[in-house]
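Tertiary structure, described
Take a look at the letters that make up each chain.
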Amino acid sequence: MNVYMKHTSLQTGFYAFSHERFKMSTITSSAGTAESVTVRRTEWSDAEEINNLISPAAVAVFGRISVIHLLEKAYLAVTLITATNEVLAHAAFSDHPTEELVDQACWKNLLQNHVNDKKFTPMNTLFLRLFVAQPGFSIGGAKEIMRTVFNAVVELEYICLLTPYRGSLEAALEKIFEPVMPVKEEVQYSAYICQRHNHCPRLHIRRARVEDHDDLMHIFAEQITPLVESHGPYFLSELIEAQDEENHAAVCESEGAVVGFVSVSGHMDLKLFNKWFELEEFEGLRKTNPEHQEEKPEEPRSLGEENNVTDAQQSDEAKEPVESELTAEQESGDEPTDISQPNSCIKTTVDLGEDSEPDGPPNAFCIQLFTMEKKFEMRSADFLPYLFKLFPDRDFCVISVPKLTPEFPLLQSFIRVAPLDTSTCSQELYLCHRWGLTRILEVRVAVSSDIPAVQSLTESLGQRESISEDLDLFLQARKDQDGTALQAFVAQVEGRVVGLIIIRDEEDIEFIKANFDVERFMYFSQHQREEHGRLCHFFLNPIFQHHTRYIFREVLRLAHKSCLYYHLHPPHYSHKNVILHSLAAVLNCMVPVSPRRQITYPLEELGINAPSQQITKHQAPFALYHTNRKLTMEPKVTINARIVVVGASDTGLAFLEALTFCPHLRFNNLTLISTHGLPDHCSDDNMRFLATSHCYSDQDQARLSLRSWISVVTGKMKAIDRKAKHVELMENGNVKYDYLILCTGLQYQMPSLTSTDAQKNNSLNPNQPRHRHTRPVPSNLFTLNDQHDCSHVHQWLMDNFVELTGDAVLYGNTIDVFTCVETLMCLGVSGRRIHVVHPPEDNPTSCFPNGSVEHAVKQALEKEEVHVHHDCLLTQINDGRHTDPVTSVTFTTDTQTLQLECAVFFSFSHKSVDYDAFKAINDACLVFDGRLVIDSSFHTNDPSIYAAGPLTKYSRRYHADQWSNSCFNCKEVGQSLASVVLPLCDPTLERPSGPPSDQDHLIPAYNQAKIQGGRLPGGYNYLHVTKPTAIGNKIAAQKGRDIVTGRTETGNYFHLHLSSHDVVESITCLSKNTLPVSNLLCLYRKHQLLLNHLCSRYDEGLVHDMYSYFRENWCFALYHDRFADFEQEVRQIMDSAKLEGENGSVSIQEALQKIVDDKAESNQSMSLSDVFQKSEAYSALRKSVLDYLKYNRYHLTMYARPGLL
């Protein structure tokens, strides 16, 4: 499989198997050989070994199978491997039998031919579709796989094997599966069953006794130390002895040995819970109008009860339950989550004090203390039915856990309650409704009789009309208004509708494949076009939202789909999203799909060679979420750590993007503190007052949808309380953190005035003391730092300046001065009304590294009659009178005082750390040395506080004052910061044992280019791309050569600088036409030979216009987002290549070195080329190129393929 087509396996997200990967078992072969093994999710790299294990006996049972297709469509595929990663056995499971026997949506009827009862349900049954093993390990391997699968899939009770073939089972399967005799004689297939209780029986739950104390202390181990220190050495015995009607303790046993403990209480402070968490839709965990309760339905059957499993909850000490009414909560605000990384840990509630709230009797009990042996923690849910029987009059069980505690398997059956914005609680609250334990949740096709129930469920929702309209379209025509097929399903429990799902056929498959990296999770070639669906509506009663994955799985089966997509549009678009009530559940159970960088095509020039319009068509931007059959078995690891990012800079956004797009992680407490929040609207070209780094455009923001994953706090940081771990805001609010990320960057500040002595003496020293502006900011004085500022000033200019009289004064030396001038002129402001004032600089260098660009801008300003003043220091505003608005500004020059009248003043004089941010950092005793000091891993002197971006500088011990984060690509720096923070949160990564040793005192190396662009006076579009350069080294002579085409006067200037090794180091473009920025950025760090022998063609006079040259058909493969992966594969081929010579085979590197050492002539080099063309590496190289073009042909249609001509 080519490296550029290899998709990511989410095995680390599969809860049980990621937990068991690190726990090896031992199995014994038939010959008595013991082997240490682990069971993990099957990876694509296993396919070849699995295929080699398929024997005639396996074909006789399972038929001829395409392993690749099976792995793509299987609900669960697991592999038994040795310590050396050798495949010993493999099994694939599906949620339906083979299609040769029955339609996948109708298999329940098929099983009735063998059994008359209804114990087989889609929730508790899987079907074995393939089992293979190495000879000798088949029996032991099969048993280990079955044990692990039953342990991992909590709801699973039966694994069935249905085969239309009459071949006998091999010995391993006969040991595990029991034949089921058919009820009807005409049955033409064989059926076998494997039951849970033979491999992983339910645990026996009973009342705890004092004599269990020693066993429990062994299970608790060191985790109980804090409780022993605070409550005494015998507190556990006292807790068990103190049981009464409101306080209970229970243990679970496996084969007579105690393996777990739970303590529950009916006493809790519900007033405090309601103060901290959004419990309104759960009626505050209180009973309402208990005297007027309706007749209760039959108690829901929970785990194990419907399957005659009698060794779990049938304790004589358990009380009989009182029936509870199943209701349909309809209010929003809940944010449920799914299971995550296991960890056996003690859990305690937030507060166990008596509740004094007189709003009705409590309807919940709480888990005070819980622990479980790691070996059995996946079966923790066996406790819950017993606990609900202890409190027959209460419907909810709640548990609170510290935010930094990894989630544990018991919480698979709970939903997370979202905290209120004002919450100061340091714990997470989870709850479980007794009806949430049901294992008889059914998904079926919606029918007309469901309309009243659906209307009742959605009557308080804002999108009820849209839901009702689409449901009517399905019931009447099975199509929407565009003619696209619709399908509607309801989820029901005991005949009551608790959820609704409406999907449609996905018609934009080509667009999705081309614009999103969905192939990271699937292979399109294994899915038929009709198997792709789009989620339109999803609503589910909150108490069942932990079953969302199961519902998706059933919808895929019943709809005959294999993939499901959800398009999430930004709030400023008119498209309707899934109702907020259930949006969190949808996003939790899908993976976010990263947008792909797109090629900018000259469609008219390409003509019939252009890609399909389905790929290049313009669509309103949206974020894409995806799930498929195998992903429904891969829950995310939930991270509750509070990660607070201060500053919506490119660095901060890149950090958040890296975290939120980890497909196996779900961050519940990501917070961004930003002065103006996240941009939530598109801006037009007349608002582009500032230059751009081309990191995040408006479309990028819409396609990432960061707002869906993070809480945005609009405000400014006022202080950092390191002891209490919270950030204080200017608006008197506090935001608590576990990890604080400072990425505020640098901002333009209010103009600082020089001292009055300078004004009197006409001194022109730019380093003399300046006074910080502390008075109210005049209404017509602006500093622009983000798009929000630009939108605001645009509106102000249109209302107060453009159509009126008066001049604009722009003060500064940065590129933003010139982009602002161009935007003002685009708004209709005459150049005569604009004054550009340049302050003096210590090292007078232009903001344009290219002299031709600077000259072109200067000429454009002269042509537009813009007034330009050099070496002027601002000394006074309004002649020293602090009045609003600004009417005049005074500057000091070498010769005289300059006074200008102005109607609007823009300050671009210098960027620095915002004063409020500096004060918060300095008052928190974080080391500040002109910038916030960090080490090479972004640590400050506080282990919980990290920082990155232009705000920071490296510690002096690195002796690298000329380098800082500001020298590098901010997006790359943010991604590097995420790679440092992720191991602190992700349990699938190795957590660092301590801070880095930093022995070499080396700063990290970054490779991506620094990018700057914008619109400049004269109507020029400007782009400058360059390698990271040390501070103060920007004017150093560059080695290499320059390639230039076009002229600034004609608006087609293009300049490339190549290093001494002929690699592109910088790109400068100045054009009157729109620049294909996405394409041009791909030229950076490319060798000139890769650019179609650019140097030789240029020297021969064949390249007259590089804009046209880089629009030619040959170059589009270089612009493809997977070209870097292709380059990596080529390097691997070349590194492993062997050439046959007189002295045997040698590598290419060795052959080249010999030529250099021998100072060989060119004919020897040509001989080396001939030898290479005869090698296997040359054939592999050709195949790799053709495969690259083949796999990406929907983007690269302009290339001929073998057999096309």
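Residues numbered from 1 in each chain as written. Predicted model: local features only at pLDDT ≥ 70, side-chain atom pairs only at ≥ 80, totals over all residues. Heavy atoms only, no water.

**A closer look at the overall build of the protein**
- The secondary structure content of the protein amounts to 35 helices and 53 strands.
- When the 1205 residues of the protein are sorted by exposure, 57% land in the buried category.
- By sequence separation, contacts in the protein at least 24 residues apart represent 75% of the contacts at least 6 residues apart. (Helix = DSSP H or I, 4+ residues; strand = E, 2+ residues; numbered from the N terminus. Buried < 20%, exposed > 50% of the residue type's maximum accessible area, 1.4 Å probe, protein only. Contact = heavy atoms within 4.5 Å.)

**Looking at the sheet that holds strand β35 (residues 781–782)**
- Read across the sheet, five strands follow the order β35-β42-β36-β37-β38 without closing on themselves; strand pairing throughout is parallel. The two strands at the open ends of the sheet, each matched to only one other strand, are β35 and β38 (867–869).
- Note: strand β36 (residues 808–812) against strand β37 (residues 834–837), four bridges, orientation parallel. Of the residues in β37, the one forming a bridge with A808 is I834.
- Where helix α23 (residues 787–800) meets the sheet, its contacts fall on β35 and β42 (904–908), and the angle it forms with β42 comes to roughly 155 degrees. (Pairing = 2+ DSSP bridges. Axes fitted to C-alpha atoms, helices over the stretch in contact; angles between N-to-C directions.)

**Quick look at unusual backbone geometry**
- A positive phi angle, close to 50 degrees, is found at E494, a residue other than glycine.
- Note on placement: E494 falls in the loop between β17 (486–493) and β18 (496–505).
- Residue E494 is classed as partly exposed on the basis of its relative accessible area of 36%.
- A positive phi angle is found at R1085, which is not glycine, with a value near 65 degrees.
- In this fold, R1085 is placed in the loop between α28 (1077–1081) and α29 (1094–1099).
- On the basis of relative accessibility, which here comes to 49%, the residue R1085 falls in the partly exposed class.

**Points about the confidence of the model for the protein**
- The predicted model of the protein has a mean per-residue pLDDT of 85, with 86% of residues at 70 or higher.
- Across residues 3–22 the pLDDT falls below 50, and counting only partners more than four positions away or on other chains, this stretch makes 82 contacts in the model. (pLDDT = per-residue confidence, 0-100.)

**Some words on the packing of aromatic side chains**
- For the structure shown, the criterion picks out 37 aromatic pairs.
- Three or more aromatic residues link up through ring pairs in this structure, and these residues are Y748, F782, W796, F906 and F908.
- Positioned above the aromatic ring of Y75 is the side chain of R553, whose terminal nitrogen or guanidinium carbon lies 4.4 Å from the ring centre.
- Note that K1072 overlies the ring of Y1020, its terminal NZ or CZ placed 4.4 Å from the centroid. (Phe/Tyr/Trp six-rings, centres within 6.5 Å; stacked < 30°, edge-to-face > 60°. Lys NZ or Arg CZ within 6 Å of the ring centre and 35° of its normal.)

**Considering the pairing of strand β15 (residues 427–433)**
- The buried count for β15 comes to seven of seven residues, which makes it a mostly enclosed element.
- Alternating positions in β15 separate into two faces, Q427, L429, L431 and H433 on one and E428, Y430 and C432 on the other, with burial throughout.
- Pairing geometry for strand β13 (residues 396–402) and β15, over seven bridges, is antiparallel. From the neighbouring strand, V401 faces β15, where its bridge partner is E428.

**A closer look at the pattern of salt bridges**
- In total, this model carries 45 salt bridges according to the counting rule given.
- The shortest N-O distance in the salt bridge between E506 and R534 comes to 2.9 Å. Of the two residues, E506 is situated in the loop between β18 and α15 (509–515) and R534 in strand β19 (residues 532–540); the sequence distance between them amounts to 28 residues.
- R534 gets classed as buried once you look at its relative accessible area, which sits at 17%.
- Through salt bridges that share partners, E157, R196, R202 and D382 make up one connected network. (Salt bridge = Lys/Arg side-chain N within 4 Å of Asp/Glu carboxyl O.)

**Description of the sheet that holds strand β41 (residues 897–901)**
- Strands sit in the order β39-β40-β41 across an open sheet of three strands; the sheet is antiparallel. Of all strands in the sheet, those bounded by a partner on one side alone are β39 (873–877) and β41. The average undirected angle you get between the axes of adjacent strands in this sheet is 30 degrees.
- Bridge analysis of β39 against strand β40 (residues 888–892) gives four bridges, and the strand direction is antiparallel.

**Description of helix α32 (residues 1123–1136)**
- The terminal C-alpha atoms of α32 lie 20 Å apart, and with 14 residues this matches the ideal 20 Å at 1.5 Å per residue to within 8%.
- Tucked inside the fold, the buried residues of α32 contact α31 (1116–1119) and α35 (1176–1191). (Expected span 1.5 Å × (residues − 1).)

**Comments concerning the environment of E728**
- Looking at where E728 falls in the secondary structure, it is placed in strand β29 (residues 726–729).
- Residue classification places E728 among the partly exposed residues on the basis of a relative accessible area of 26%.
- Residues E728 and A920, 192 residues apart in the sequence, show an inter-C-alpha distance of 8.9 Å.
- Here E728 is in contact with K716, M717, K718, A719, G733 and N734, once residues within four sequence places are set aside.

**Observations regarding the nonpolar core**
- Counting residues in each nonpolar core, the largest one holds 114 residues, and the members touching the most others are L535, I551, F655, I720 and L742.
- Of all hydrophobic cores here, the second largest spans 50 residues; its members include A74, I81, F93 and V132. (Core = buried A, V, L, I, M, F, W, Y, C linked by side-chain atoms within 4.5 Å.)

**Topic: the environment of L285**
- Assignment of secondary structure puts L285 in the loop between α11 (270–276) and β12 (364–372).
- By relative accessible area, which is 0% here, L285 ends up buried.
- For L285 and P361, which are 76 residues apart along the polypeptide, the C-alpha to C-alpha distance reads 8.9 Å.
- Residues contacting L285, with those up to four places away along its chain left out, are L270, L279, P362, N363, A364, F396, V398 and L431.

**Overview of the side chain of R833**
- By the element assignment, R833 lies in the loop between α24 (815–826) and β37.
- Comment: no salt bridge for buried R833; closest opposite-charge side chain is D807, at 4.9 Å.
- One polar contact links the side chain of R833 to the main-chain carbonyl oxygen of V802, over a distance of 3.3 Å.
- Those residues in contact with R833 that lie beyond four places of it in its chain are F801, V802, L804, T805, G806, D807 and A808. (Lys, Arg positive; Asp, Glu negative; His and termini not counted. Polar contact = N/O pair within 3.5 Å; in protein donor to acceptor, adjacent residues only side chain to side chain.)

**Quick notes on the environment of V259**
- Among the secondary structure elements, V259 is positioned in strand β11 (residues 257–265).
- On the accessibility criterion, V259 (3% relative accessible area) is buried.
- Along the chain, V259 and M372 lie 113 residues apart, while their C-alpha atoms are 6.0 Å from each other.

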